[in-house]
Amino acid sequence: MPRALVTGGAGFLGSHLCDRLLAEGFEVIAMDNLITGNTDNIVHLLDNPRFRFVRYDVTEYLYIDGPIDYVFHLASPASPVDFPTKPIQIMKVNALGTHKALGLARAKNAVFFLASTSEVYGDPLVHPQSEEYWGNVNPVGIRGVYDESKRFAEALTMAYHRYHGVPVRIVRIFNTYGPRMRLDDGRVVPNFVGQALRGDPITVYGDGKQTRSFCYCSDLIEGFWRLALSDLTGPINIGNPTERTILEFAQLIKQLTNSKSEIVFEPLKTPDDPKQRRPDITKARTLLGWEPKVGLEEGLQYTIAYFAKKLGLS
Ligand code: NAD
Ligand code: UDP
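Small disclaimer: the values here were computed from a predicted structure and weren't measured.

K.L.:
Let's hear about the overall build of the protein chain: which residues, and what values?
P.N.:
On a plain count of helices and strands, the protein chain comes out with nine helices and 13 strands. Against the 2.2 N^0.38 benchmark of 20 Å for 314 residues, the protein chain shows a C-alpha radius of gyration of 19 Å, consistent with a compact globule. In terms of principal-axis extent, the alpha carbons of the protein chain reach across some 55 × 45 × 40 Å. In the protein chain, which comprises 314 residues, the share counted as buried stands at 46%. Across the protein chain, the fraction of contacts at a sequence separation of at least 24, relative to all contacts at a separation of at least 6, is 79%.

Take a look at the structure:
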């Protein structure tokens, strides 16, 4: 039976990955210090004899008994609201944590899988973003702690690959949403859906003309799975190329929730908030035969239903 370690396994994406790996017959160890994750996301797995949860900080020395075939390194706070409040933890988990996870993969002869991000492209000057673009990142800006530490994580991953021969897979994840995001996560989907469902003002930061392209979580996990099984090092973009302005997105959520909330404008929370973002997924399409299947409205309906239940509205 293949055995995987998932760091950040109690988080939004990590828990969905654990579900998928268990469904594929893996034994799974989820490791998480719960800084932004929650055991609610994995409570349904705790009785599964092929699943184990370890509460641990991956920046510390990692020891796992027995063989490991895959190390999926997803641990890292990911919401921009965490950038000013957890800057050192973010840099540590992406630098020291990636180092520990790579060391473990090397010791176990495992495949190392890095959850990188579209944030490595920064506030991009090239649109859409292909993997060849090197990015436009402000190292000393508020977002720098996340962007630069993910760039470091990619560089360290490639160093282990080139110098030690560790087989690696690097995925650059574009904005992904779905059930198990925290309502108070601070990212745009939980914010807007929570505000719309409660009838609170929907807070558009800046003029709302900035764009994002939103991928539903099941599509992303399918991309992870295909990349993990492939022999591609990457980096490879996984995301949904359907692009919307944030204002259009607020209007869509208001409409889908039948909300009476008003849309209000607030100052940008981070000055280098990317103005546009859309993945070029040519590589994922041609090399992995992957493309997203769940449309924005459909994925939002699932997500709205999840948050409505959390808020006790259904
Ligand atoms: P999340 O906050 O739900 O999950 C991250 C998990 O990592 C949390 O459970 C957290 O407690 C855990 N963690 C953080 N630091 C840790 C540490 N030192 N030791 C152990 N566990 C630690 O966020 P997510 O959206 O599920 O993101 C998962 C990964 O995907 C992150 O690496 C993130 O950078 C990346 N990513 C996500 C998106 C997205 O749109 N969701 C986009 C780009 C990249
Ligand atoms: N945003 C917004 N209102 C909110 C939360 C976010 O207008 O309540 C904007 C944010 O400024 C950014 C976009 O939505 O332009 C996506 O933000 P998110 O925090 O989800 O992630 P990012 O893509 O910036 O990492």
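After that view of the structure, there is still more to cover.
K.L.:
Please set out the site of ligand 2 residue by residue, giving values where relevant.
P.N.:
What surrounds ligand 2 is a group of 14 residues, the closest being Arg-187, Val-188, Asn-191, Thr-203 and Tyr-205. Of all the elements in the fold, those that place two or more residues in the shell around ligand 2 are α5 (188-198) and β8 (202-205). Looking at the shell around ligand 2 element by element, the count peaks at three residues for β8. Looking at the shell around ligand 2 residue by residue, the classes come out as six nonpolar, five polar and three charged. Built from parts of two domains, the shell around ligand 2 gets at least three residues from each of domain 1 (3-176 + 216-238) and domain 2 (180-212 + 242-277 + 294-310).

K.L.:
An account of the domain arrangement of the protein chain is needed here, citing residue identities and associated values.
P.N.:
Assigned domains within the protein chain: domain 1 (3-176 + 216-238) and domain 2 (180-212 + 242-277 + 294-310). On the side of domain 2, 17 residues touch domain 1, which itself brings 24 residues to the contact. Secondary structure elements with two or more residues in the side of domain 1 that touches domain 2: α1 (12-23) and α6 (217-229). Top contributing element to the side of domain 1 that touches domain 2 by residue count: α1, with three residues. The residue makeup of the side of domain 1 that touches domain 2, split by class, is eight nonpolar, 13 polar and three charged.

K.L.:
Give me the sheet that holds strand β6 (residues 168-173): which residues, what numbers.
P.N.:
Two orientations exist for strands paired in a sheet by backbone hydrogen bonds: parallel and antiparallel. The strand order across the open sheet formed by seven strands is β3-β2-β1-β4-β5-β6-β11, and the pairing between neighbours is parallel. The sheet is open, and its two edges are formed by β3 (51-55) and β11 (236-238), each paired on a single side. Each adjacent strand pair in this sheet contributes to an overall mean axis angle of 20°, direction not counted. Bridge analysis of strand β5 (residues 111-117) against β6 gives six bridges, and the strand direction is parallel. By the bridge assignment, Ser-116 is partnered in β6 with Arg-172. Contacts from α1 reach β1 (3-7), β2 (27-32), β3 and β4 (70-73) within the one sheet, and its direction differs from that of β2 by about 170°. Together, β1, β4 and β5 form the strand contacts of helix α3 (residues 87-108), whose direction differs from that of β4 by roughly 170°.

K.L.:
Describe the site of ligand 1, naming the residues involved and giving the relevant values.
P.N.:
Neighbouring residues of ligand 1: 29 residues in total, closest Gly-8, Gly-11, Leu-13, Thr-36 and Gly-37. For the shell around ligand 1, the secondary structure elements donating two or more residues are α1, β2, α3 and β5. In terms of residues, the shell around ligand 1 owes the most to one element, α1, which gives three residues.

K.L.:
Can you lay out helix α9 (residues 296-310) for me, pointing to particular residues and giving the numbers?
P.N.:
Given a rise of 1.5 Å per residue, 15 residues ought to cover 21 Å, and the 21 Å separating the end C-alpha atoms of α9 matches this to within 8%. Contacts from the buried residues of α9 go to β7 (176-177), α5, β10 (215-216) and α7 (246-256). Gly-312 occupies a position one or two residues after α9 and carries a positive phi of about 70°.

K.L.:
Tell me about the pairing of β6, and please be specific about residues and values.
P.N.:
Among the six residues that make up β6, six are buried, leaving the element largely enclosed by the rest of the structure. Burial of the side chains of β6 extends over both faces: Val-168, Ile-170 and Arg-172 are buried on one face and Arg-169, Val-171 and Ile-173 on the other. Crossover β5 to β6 through helix α4 (residues 144-164) is right-handed. Where β6 and β11 come together, three bridges link them in parallel fashion. Bridge pairing in β11 links Val-171 to Ile-236.

K.L.:
With reference to specific residues and values, describe the pairing of β5.
P.N.:
With six of its seven residues buried, β5 lies for the most part within the structure. In the sheet, β4 pairs with β5 via four bridges, with the strands oriented parallel. Across the sheet, Tyr-70 pairs through a bridge with Val-111, a residue of β5.

K.L.:
Give a detailed account of the UniProt feature "domain: NAD(P)-binding" (unreviewed entry) in the protein chain, specifying residues and quantitative values.
P.N.:
Following the UniProt record, the feature "domain: NAD(P)-binding" (unreviewed entry) maps to residues 5-301 here. Annotation note: span residues 5-301, helix share 36%, strand share 18%, distance between end C-alpha atoms 31 Å.

What counts, and at which threshold
The written sequence of each chain sets the order in which its residues are numbered from 1. The naming scheme follows written order: chains are lettered A onward, ligands numbered 1 onward. Where totals are concerned, whole chains, interfaces and linings use all residues; where local detail is concerned, this predicted model gives features only for residues with pLDDT of at least 70, and gives and counts side-chain atom pairs only at 80 or more. Numbering of helices and strands runs from the N terminus, with a helix taken as a DSSP run of H or I at least four residues long and a strand as a DSSP run of E at least two residues long. To get the radius of gyration, use the C-alpha atoms; to get the globule rule, take the number of residues to the power 0.38 and multiply by 2.2 Å. The burial label depends on the number of other C-beta atoms within 10 Å of a residue's C-beta. Counts of 20 or more mean buried, 12 or fewer mean exposed, and intermediate counts mean partly exposed, with C-beta atoms placed from the backbone. Two residues qualify as a contact pair if the distance between their C-beta atoms, derived from the backbone, is within 7 Å. What makes a residue near a molecule or strand is its C-beta atom, placed from the backbone, lying within 6 Å of it. When residues are sorted by character, Ala, Val, Leu, Ile, Met, Phe, Trp, Tyr, Cys and Pro go into the nonpolar class, Asp, Glu, Lys and Arg into the charged class, and all the rest, Gly among them, into the polar class. Where each domain starts and ends follows an automatic or database-derived domain assignment. Any two strands between which DSSP finds at least two bridges are classified as paired. Fitting a line to C-alpha atoms yields each axis, with helices limited to the stretch in contact; the angle taken between N-to-C directions then spans 0 to 180 degrees. Between the first and last residue of a helix there are one fewer steps than residues, each counted as 1.5 Å, and that sum is the expected span. With strands facing away from the observer, any crossover in which the path from the first strand over the helix to the second runs clockwise is taken as right-handed. UniProt positions are given in the numbering used here, feature names are shortened, and annotations may be inferred rather than shown by experiment.

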